Structures are given as structure tokens and as C-alpha cells.
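Fold and contact review
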Amino acid sequence: IPDTSTPVVVLKLFHHLSLGLVRTLGRLGVPVYGIDPNPWAPGIKSRYCRESLLWDIDGHSEFENIEFLKSVGKQIGRRSILIHTCDDMAQLLPRHYDVLKEWFIFPAMPAQLVHSLSSKKEMYFLAKEHNVPTAETLFPASREDVVRFINTVTFPVMLKGIDGELLQARVGRKMAIVHNAEELLSLYERYEDPEHPNLMLQEYIPGGDDTVWMFNGYFNADSDCLFAVTGKKIRQAPVYTGYTSLGICLHNEVVKKRTIDFMKRLGYKGILDIGYRYDARDGEYKVLDINPRVGATFRLFVADNGMDVVRAAYLDLTGQKVPPSDFHEGRKWVVE
């Protein structure tokens, strides 16, 4: 029976990811505190959320957010595990590890590494550097670059935000499938901020939703993988370009080994969610996204003993042993 006395503080509880996070810890008996500006956020309304702390992280400065977190730590009165659910928090916390470690427990990650993994542009070059297959990508700095690239690309192509969250906030979507030059120029002009270029063109790898493979894992302070499960999408929302709405656990040794070796070389620590697309043209699994945080689909990847990445992180960060885990091949999960 694990010791569940150490509290957990969760940043942003606005969708099914955070609700699943609160539930998986709460069902173990872990005291969970939620930080979100919305008192009706799904995670906050869970019976397993001991206390809600209303605070708009997006509406405050970095300094104000760190001061608020310090006050939360003092209020709880003991060191708590701090878990984030989005890319901006994944990048903010490592920058202030030395200040926050007095009150919170979370992996000590180099801020630059987290930034490189979160940025699709830097992730692309990182994958190339380490010989990890990835979709070919171009990074236009202007409309003139797009016009020049049109003669070199094969349609359809993916138009994506280098920072997906930033593009989502700007236009309401993170990516689009583009079928011709006219559509590409039209979308580029609508989506791009010329003063802060944030768009990229990525080759479209043919295939349905079920060509997207996923890895969920947890890496300890030595970058050793203590928990790992693979699976793939059956359906996603929005269709073709969204998050997993229905997934299935399936063993994929190539995806598992490639990810574990890659993260070990990088010195990665903590929870990881990573996506690949199988390219039938050359038989390669090509990395598309690396999320240095809990993924929205993490409750798909539950082992036969109930272990998931969040529980594995909790045990390891509280100095407890993470038991060996096997998962049920064919386990399915659907967004509620």
C-alpha cells in the first residue's frame, strides 16, 4: 500500500485531462489541490479535489504566478508535488525551479530542453540531430518564403503553429491540412503574425487516424524509464488533426525503444507524451509532437495493476518504488 500523504497541486483543470488526473490520484487517497480561474472547471468539480484555488495564470505575469505558487505552498504547509497540464506551464516551472523547490516537488529539468521539446521548430532540429525520423518541415519567415516554397512542396501539406497553443489562441486551431497553393497563401495570410512568425509547413504523411502512434512514459532523475505504454489513435477530434477521442493500447517495440533511447540521450526527466505517424511509404515511425507533460490521453495508458504515468510520477517523486507494470493489449479508451 503506497504512502499517499504527500499532497499534489494541479495547475489548470479545464478539460478531461485534468479531471482524469484528479481522479487517478484521488482514488489512491492523495490530497489534491486544483488551481484554475473557473470554479466550474471539470477537475475542480471532482469529488476528489480537496480544495480549489481560483487564480488566472494566463492573466498574470510570470512574477505574479510564481509569488502565488509560493503562497499556495505556504498555505498547504508542506512540500507538495506540482503537476502542470499545458505547454506554457511546462516551460515556466523549470525557469523557477530553485525558487519553487522549497515548497514543491517536480523534476529538475533544464529550461532550454523543455523549450526545445515544446517548440515544433526546435524539436524538428533536435530529432534531426539525434537521427530520429521526423516529417520534413519548412519554416517560412515571410509570405515571400511561402511563395518560394510552393514550387518545392508536394500537396497536401500541413500548416501548423510552431507554438500550437499560440496559434490556437490566435485563430482557434493549431493546424490545417492544405490542398493547393491558393489555399496555402490564403491561410498563411489569415493565420500568421508577420511581426512574430509562428507558422511552419510540414509534409503530409498519408494515412488515416490509426497511423498515429503514441508513447506515454515516466522518466526518473537519472532519465531511466520506469513506466512505458504504447498505443495508437482510432479517432481524433477535430477529425484528421485533433487530440485522441478514441484510442487503443497496442505494443510497439520500435516506438517504445526509439523514445526511451532518445530521452535518455537528452537527459529527460518526468512525464512524457509523444506522438508518431507511421509512414507506409518508407516503413518509418516519424515523430510529430513531443509534450514534456501529461498528455490528454494518459488514461488510455493504464496498466493491469492500475498504474499510469501520473501514479508512477507520484511514487517516484515521493521516494517510493514504481512496480513493474504490464498493460492489456487491446484496452480502449474514449473521451467522456
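Just above, that's the structure.
All of these numbers come straight from a predicted model, not from anything done at the bench.

Some points on the pairing of strand 14 (residues 284-291)
With respect to burial, strand 14 is a largely interior element, six of its eight residues being buried. Pairing analysis gives seven bridges linking strand 13 (residues 270-279) to strand 14, with the strands arranged antiparallel. Opposite Ile274, over in strand 14, you have Ile290 as the bridge partner. The antiparallel pairing of strand 13 with strand 14 creates a hairpin that spans four residues between the two strands, and Gly283 there sits at a positive phi of about 75°.

Some words on the packing of helix 4 (residues 87-95) against helix 6 (residues 111-118)
Remark: helix 4 packs on helix 6, axes separated minimally by 8 Å, with the N-to-C direction vectors making an angle of 170°. Regarding the angle of helix 4 to helix 6, the classification is roughly antiparallel. Taking contact as the criterion, the partners of Ala90, Gln91, Pro94 and Arg95 in helix 4 are, on helix 6, Ala111, Val114, His115 and Ser118.

Considerations on the sheet that holds strand 2 (residues 32-35)
Spatially, the five strands line up as an open sheet ordered 3-2-1-4-5, and their pairing is parallel. The sheet terminates laterally at strand 3 (49-53) and strand 5 (104-105), the two strands that pair on one side only. Helix 1 (residues 16-26) contacts strand 1 (8-11), strand 2, strand 3 and strand 4 (80-84) of the sheet and is inclined by roughly 165° relative to strand 2.

A few points about the packing of aromatic side chains
Within the structure shown, the criterion is met by nine aromatic pairs. Aromatic pair Trp213 and Tyr285: ring centres 6.1 Å apart, planes at 90°, arrangement edge-to-face. On the criterion of sequence distance, the pair formed by Trp213 in strand 10 (residues 212-219) and Tyr285 in strand 14 is long-range, its members being 72 residues apart. You'll find Trp213 and Tyr285 in the same group, each marked buried. Cluster of aromatic residues (ring-pair linked, three or more members): Tyr124, Phe125 and Phe139. If you follow Arg148 out to its NZ or CZ, it ends over the ring of Phe149, 5.9 Å from the centre.

With respect to the pairing of strand 13
Remember that side chains alternate between the two faces of the sheet whenever the strand is regular. Within strand 13, nine of the 10 residues are buried, which leaves the element mostly enclosed by the surrounding structure. In the sheet, strand 10 pairs with strand 13 via eight bridges, with the strands oriented antiparallel. Residue pairing for strand 13: Trp213 is matched across the bridge by Tyr276.

Structural notes on the pattern of salt bridges
Per the stated rule, a full pass over the model turns up 20 salt bridges. Across the pair Arg95 and Glu62 runs a salt bridge whose closest N-O atoms are separated by 2.9 Å. Residue Arg95 is found in helix 4, and its partner Glu62 is found in helix 3 (residues 62-76); the two are separated by 33 residues along the sequence. Each of Glu203, Asp279, Arg281, Asp282 and Lys286 takes part in one network of salt bridges that share partners.

Topic: the side chain of Ser245
Here Ser245 is to be found in strand 12 (residues 243-249). Classification of Ser245 as buried rests on a relative accessible area of 10%. Contacts of Ser245, omitting those with residues within four sequence positions, involve Arg235, Gln236, Ala237, Trp333, Val334 and Val335.

Some remarks on empty space enclosed by the protein
Picture a little ball the size of a water molecule; that probe, rolled over the atoms, points out where space is still empty. Enumeration over the complete set of coordinates arrives at one cavity of 30 Å³ or more. Approximately 260 Å³ is the volume attributed to the largest cavity. Looking at the largest cavity, it is lined by 21 residues, and the ones nearest its centre are His84, Pro107, Gly270, Ile271 and Pro292. Residue assignment for the lining of the largest cavity shows that the elements contributing at least two residues are strand 4, helix 4, strand 13 and helix 12 (309-317). Take the lining of the largest cavity: its biggest share by element is four residues, from strand 4. Classifying every residue of the lining of the largest cavity gives 17 nonpolar, two polar and two charged.

As for the nonpolar core
Across soluble globular proteins, nonpolar side chains show a tendency to be buried alongside one another. The biggest cluster of nonpolar side chains holds 36 residues, and the ones touching the most others in it are Val8, Leu21, Leu25, Ile83, Phe227, Val294 and Val310. For this core, the secondary-structure elements that each account for two or more residues are strand 1, helix 1, strand 4, strand 10, strand 11 (225-237) and helix 12. Apart from residues lying up to four places away in sequence, Leu25 is in contact with Val8, Val30, Val32, Ile83, Val310 and Tyr314. In terms of nonpolar packing, the next biggest core, distinct from the first, is built from 26 residues, Ala90, Leu117, Met123 and Ile274 among them.

Comments concerning the sheet that holds strand 7 (residues 157-161)
Taken together, four strands build an open sheet; the order of strands is 6-9-7-8 and the sheet is antiparallel. In the strand order of this sheet, the two ends are held by strand 6 (137-138) and strand 8 (175-178), each with one partner. Note that strand 6 and strand 9 (residues 199-203) share two bridges and pair antiparallel. Note on strand 9: the bridge partner recorded for Leu138 is Leu201.

The rules behind these values
- Residues numbered from 1 in each chain as written.
- Predicted model: local features only at pLDDT ≥ 70, side-chain atom pairs only at ≥ 80, totals over all residues.
- Heavy atoms only, no water.
- Buried < 20%, exposed > 50% of the residue type's maximum accessible area, 1.4 Å probe, protein only.
- Helix = DSSP H or I, 4+ residues; strand = E, 2+ residues; numbered from the N terminus.
- Pairing = 2+ DSSP bridges.
- Axes fitted to C-alpha atoms, helices over the stretch in contact; angles between N-to-C directions.
- Parallel < 35°, antiparallel > 145°, perpendicular 65-115°, else oblique.
- Contact = heavy atoms within 4.5 Å.
- Phe/Tyr/Trp six-rings, centres within 6.5 Å; stacked < 30°, edge-to-face > 60°.
- Lys NZ or Arg CZ within 6 Å of the ring centre and 35° of its normal.
- Salt bridge = Lys/Arg side-chain N within 4 Å of Asp/Glu carboxyl O.
- 1 Å grid on protein atoms, 1.4 Å probe; cavity = no way out; pocket = protein on both sides within 12 Å on 5 of 7 lines; lining within 4 Å.
- Points joined across faces, edges and corners; volume = space filled by probe spheres on them.
- Nonpolar A, V, L, I, M, F, W, Y, C, P; charged D, E, K, R; others polar.
- Core = buried A, V, L, I, M, F, W, Y, C linked by side-chain atoms within 4.5 Å.

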